Amino acid sequence: MRHRHLPTVALALGVVVLLDVLRVWLPSIITIFGQAAETPAELLGAFALGWFVLALAVPVLVRRLGARPARLAAAGLLAATRLALTAAPGGRVQLWLACAGLLAGLVWLAATAATVARPVPGLAFGLAGAAVGHALLGTEDLVWRGGVLGWTVSVVLVGAFLAAQSAADPAAGLRDSGAASRVAWLLVGPVLLLAGQLALAPAVWDAAASYWHGSADLPGLGLPPAHLAAVPELAIGLFLVALLVRPPRPVARLLWPVALVAGAGLFAADRAGWLAAAVLLAAAGLGGCLALVDTVADRGHALVHRRSGRPLIPATVAGSAADSGSVAGAGAAGVTGPGEGAGSGEPAAPGPGGGDGGGRRGFAVAGGMLGFAVGAVAYYAAYDLGYPNGGVPVLAALAVAAAAVAAPPGAARRFRTPVPAWTVLGAMLLTAVGGGIHRPAPAPHPPATPPAAVRVVAYNIRMAFGLDGRLDLDALARAVDGSRPDVVLLSEVDRGWLLNGGHDTLALLAGRLRMPYVFAPAADPVWGDAVLSRFPVRAGETRPLAAHGAPTGAQALGVTLDLGGRDLAVVATHLQPPPGQDPVAQAREVAAFATRYAAGRPLVLGGDLNTEPADPAFAEFTRAGLADALAAARPLRTSPADDPRTEIDHVLVSPGLTASGVTAPRTTASDHLPVAVTLALP
């Protein structure tokens, strides 16, 4: 590897490590600092934003300490916390380790910005590498895995990051490229938000593919693709193609910003069937906008060595390169590599922090990351506070698009022709390999004869995070599989929320249980309820429920199971009560939907109903003719899991189904206990 490429490699590896820490820090805010709905959303938001506000003082610290010492010290702490999080037992230790890692990552970014004027190549390849790696892992982070393989890959990743930080010497590069460089660093935050929420999120890719391969008999529902889906490969391919291969600039300045904003708008429209288009447009638009923002030198100015002040190539060459440059990597006359600053602004003042330009870049990236935090908190707090949040990704996309349109023409070095092709094809191939490794369970065949009984489990899985705040899908699978279920009704299913780490918990759990799934969105297209079954699903539908004052969205999912010549209707839901009230109106809606959907067939309805047997909402189900399948085991308290005090998880059945074997296995794999019951068919 040529020395001039090391700053780009160092930045890319740092982005991967920082994303690993963020995927622990974000859910730790919810599951450890906050206790789900028990902690006010305003307090959670203030705690989260406080760390990013604190980071606004980091550029001053970097200037006093010197950019290189600050960068190396912060990189060491970031690497140490990344490894410590894998070994952490969860709980408060995990929370404070993640906070330390986040702050170290913000210091590292500011120190890197002080000496690197061109962040786009390192940022883009870091995001692409993290996405491909997450796809290969099936969206389950190494930080949660441990074991020989997990530890080995984690140590190699962290070692490579530290080695690149030590070897890279961005200060030996070229002058600051002025305002364009600061804009590029300012966009790091919005770009991370868009990438993690939509464009480069493998879990969202999988969710989009599941809608793409849906059935006419199951409209608006997510199903395991019957064959390898194309959405993930297309998303990473479009991002890299748009990044590496520029069309003529007038076309690019219109095409890529429009694509990015359109993708964010489709996502904000909250239509599951549009998710695949939203992902692909956002991926292409984000890559293209990053290419437009990647300005190395203003047209017509010479590239000047940072230390000596001597011109390295004539101004005419720099201007020519400005007309034909591509974002990715190395360029004309072998002058500047990815990650090295270049430009024609005023000379950077010497100093330990990288000069005035470096200090301004440090403030730019700190401000951009504060924007990331504000956007993330604003989007997800809406599900607790009850305001429209679709504008958050659209505003982030507009910010990136506006910077891309306004960016001046720049001189970036051009790859040799085969490099972009191999980069794109290699990333697409690895993404496809990930899809092949983590293929969903095949669709089951109907039994030869109808079973005499079915075992049903209803479980609020809290996005697969246990009471210790750790993602432990093996513990969750044991909690479900211990009851040997035929049908599983899941609540709080997450298929890619950035706030929860960006995991496809449904596909990961379904893979462990070897059970296909049907998913219905409740809040946005990647958060809702699901049914897993050992029997074939013949048909299904979802009905969004009116909010009735509740901030979080809710739905009722009905599926028809083929038991081998006879049908069983199953309805899964998660009622959302208005603050301080019982979800009476939603219960009435669900009861009406369920009885209509069953149409006289045997019916099972279950989930986290957020109401107790003596409450008015529960009476709506019994008034509709449904019976409490858990009645023989009452009181059957299920929440909170470590000290159950409330009976809010239920299974109700139509007349003729006989319940037995009711259990609520003790486990802390979620904040609820699962409930299990055997139902004899009439």
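Residues numbered from 1 in each chain as written. Predicted model: local features only at pLDDT ≥ 70, side-chain atom pairs only at ≥ 80, totals over all residues. Heavy atoms only, no water.

1. Side note on the overall build of the chain
A tally of regular secondary structure across the chain gives 22 helices and 14 strands. The proportion of buried residues among the 682 residues of the chain is 60%. Considering only contacts in the chain between residues 6 or more positions apart, those separated by 24 or more positions represent 79%. For the chain, the exposed surface amounts to about 23500 Å²; the carbon and sulfur share of it is 64%. (Helix = DSSP H or I, 4+ residues; strand = E, 2+ residues; numbered from the N terminus. Buried < 20%, exposed > 50% of the residue type's maximum accessible area, 1.4 Å probe, protein only. Contact = heavy atoms within 4.5 Å. Areas by Shrake-Rupley, 256 points an atom, 1.4 Å probe, with all protein chains shown as cover.)

2. Quick look at the side chain of Gln-586
If you trace the backbone, Gln-586 turns up in helix 21 (residues 584-598). With a relative accessible area of 2%, Gln-586 lands in the buried category. Here Gln-576 takes part through its backbone nitrogen, which lies 2.8 Å from a polar atom of the side chain of Gln-586. Sequence-distant contacts of Gln-586, defined by excluding residues within four places in its chain, comprise Leu-545, Ala-546, Ala-547, His-548, Ala-554, Leu-575 and Gln-576. (Polar contact = N/O pair within 3.5 Å; in protein donor to acceptor, adjacent residues only side chain to side chain.)

3. Section: the confidence of the model for the chain
On average, residues of the chain score 87 in pLDDT, and 87% of them are at 70 or above. Taken together, the stretch residues 297-354 has pLDDT below 50 and engages in 166 contacts with residues farther than four places along the chain or on a different chain. Under a pLDDT of 50 for its full length, residues 411-417 has, in the predicted model, 34 contacts with residues more than four places off or in other chains. (pLDDT = per-residue confidence, 0-100.)

4. As for the pattern of salt bridges
Side-chain pairs of opposite charge can arise where the charged atoms are in close proximity. A full pass over the atoms with the stated rule returns 18 salt bridges. Among the salt bridges present, the one from Arg-145 reaches Glu-140, with a minimum N-O distance of 3.7 Å. Judged by its relative accessible area of 34%, Arg-145 falls in the partly exposed class. Where salt bridges share partners, they join Asp-20, Arg-23, Arg-82 and Asp-141 into one cluster. (Salt bridge = Lys/Arg side-chain N within 4 Å of Asp/Glu carboxyl O.)

5. So, helix 4 (residues 67-87)
Relative to the 30 Å expected for 21 residues at 1.5 Å per residue, helix 4 spans 30 Å between its end C-alpha atoms, a close match to the ideal helical length. Looking at the packing, one finds that the buried side of helix 4 touches helix 1 (6-33), helix 3 (58-65), helix 5 (91-115), helix 7 (142-145) and helix 8 (147-167). (Expected span 1.5 Å × (residues − 1).)

6. Observations concerning the packing of helix 11 (residues 202-212) against helix 12 (residues 231-244)
Describing two packed helices takes the angle between their axes plus the distance from one axis to the other. Two numbers describe how helix 11 lies on helix 12: the axes approach to 8 Å, and their chain directions differ by 130 degrees. Accordingly, the angle class assigned to the pair helix 11 and helix 12 is oblique. Contact residues: helix 11 offers Trp-205, Asp-206, Ala-208, Ala-209 and Trp-212, while helix 12 offers Val-231, Pro-232, Leu-234, Ala-235 and Ile-236. Of the residues assigned to the contact of helix 11 with helix 12, the class counts are 9 nonpolar, no polar and 1 charged. (Axes fitted to C-alpha atoms, helices over the stretch in contact; angles between N-to-C directions. Parallel < 35°, antiparallel > 145°, perpendicular 65-115°, else oblique. Nonpolar A, V, L, I, M, F, W, Y, C, P; charged D, E, K, R; others polar.)

7. Describing the environment of Thr-542
The topology assignment puts Thr-542 in strand 7 (residues 537-545). Judged by its relative accessible area of 22%, Thr-542 is partly exposed. In this structure the C-alpha to C-alpha distance between Thr-542 and Asp-529, which are 13 residues apart in sequence, comes to 10.0 Å. Discounting residues that sit within four places of it in the chain, Thr-542 has contacts with Pro-219, Gly-220, Leu-221, Ala-520, Gln-555, Ala-556 and Leu-557. A distance of 2.7 Å separates a polar atom in the side chain of Thr-542 from a polar atom in the side chain of Gln-555.

8. Examining the sheet that holds strand 5 (residues 517-521)
Across the sheet, which stays open at both edges, the 6 strands sit in the order 5-6-4-3-14-13 with mixed pairing between neighbours. Because the sheet does not close on itself, it has two edges, and the strands there are strand 5 and strand 13 (658-663). Within this sheet the neighbouring strands show an average axis-to-axis angle of 20 degrees, counted without direction. Relative to strand 6 (residues 527-533), strand 4 (residues 487-494) is paired through 6 bridges, and the arrangement is antiparallel. Bridge pairing in strand 6 places Val-487 opposite Ser-533. Helix 20 (residues 505-513) contacts strand 4, strand 5 and strand 6 of the sheet and is inclined by roughly 150 degrees relative to strand 4. (Pairing = 2+ DSSP bridges.)

9. Here we look at the environment of Pro-579
As for its placement among the helices and strands, Pro-579 is situated in the loop between strand 9 (567-574) and helix 21. With relative accessibility at 62%, the residue Pro-579 sits in the exposed group. Between the C-alpha atoms of Pro-579 and Pro-551, which are 28 residues apart in sequence, the distance is 8.6 Å.

10. Overview of a nonpolar patch on the surface
On the surface, Trp-212, Leu-234 and Leu-238 cluster together into a nonpolar patch covering about 270 Å² of accessible area. You can see Leu-238 is positioned in helix 12. (Patch = residues over 30% accessible without salt bridge, like charges linked within 9 Å, V, L, I, M, F, W, Y side chains within 5 Å.)

11. Description of the nonpolar core
Trp-25, Leu-275, Leu-490 and Leu-532 are the most contacted members of the largest nonpolar core, which has 161 residues in total. Looking at this core element by element, the count peaks at 18 residues for helix 1. Not counting residues up to four positions away in its chain, the partners in contact with Trp-25 are Ala-48, Trp-51, Phe-52, Ala-98, Cys-99 and Leu-102. (Core = buried A, V, L, I, M, F, W, Y, C linked by side-chain atoms within 4.5 Å.)

12. With respect to the pairing of strand 8 (residues 554-562)
Consecutive residues of a regular strand have side chains that alternate between opposite faces of the sheet. Extensive coverage of strand 8 is indicated by the burial of 9 of its 9 residues. Neither face of strand 8 is exposed, since Ala-554, Ala-556, Gly-558, Thr-560 and Asp-562 on one face and Gln-555, Leu-557, Val-559 and Leu-561 on the opposite face are all buried. In this structure, strand 7 lies alongside strand 8, joined through 8 bridges in antiparallel fashion. Following the sheet pairing, Ala-539 is matched in strand 8 by Thr-560. Relative to strand 9, strand 8 runs antiparallel, the two sharing 7 bridges.

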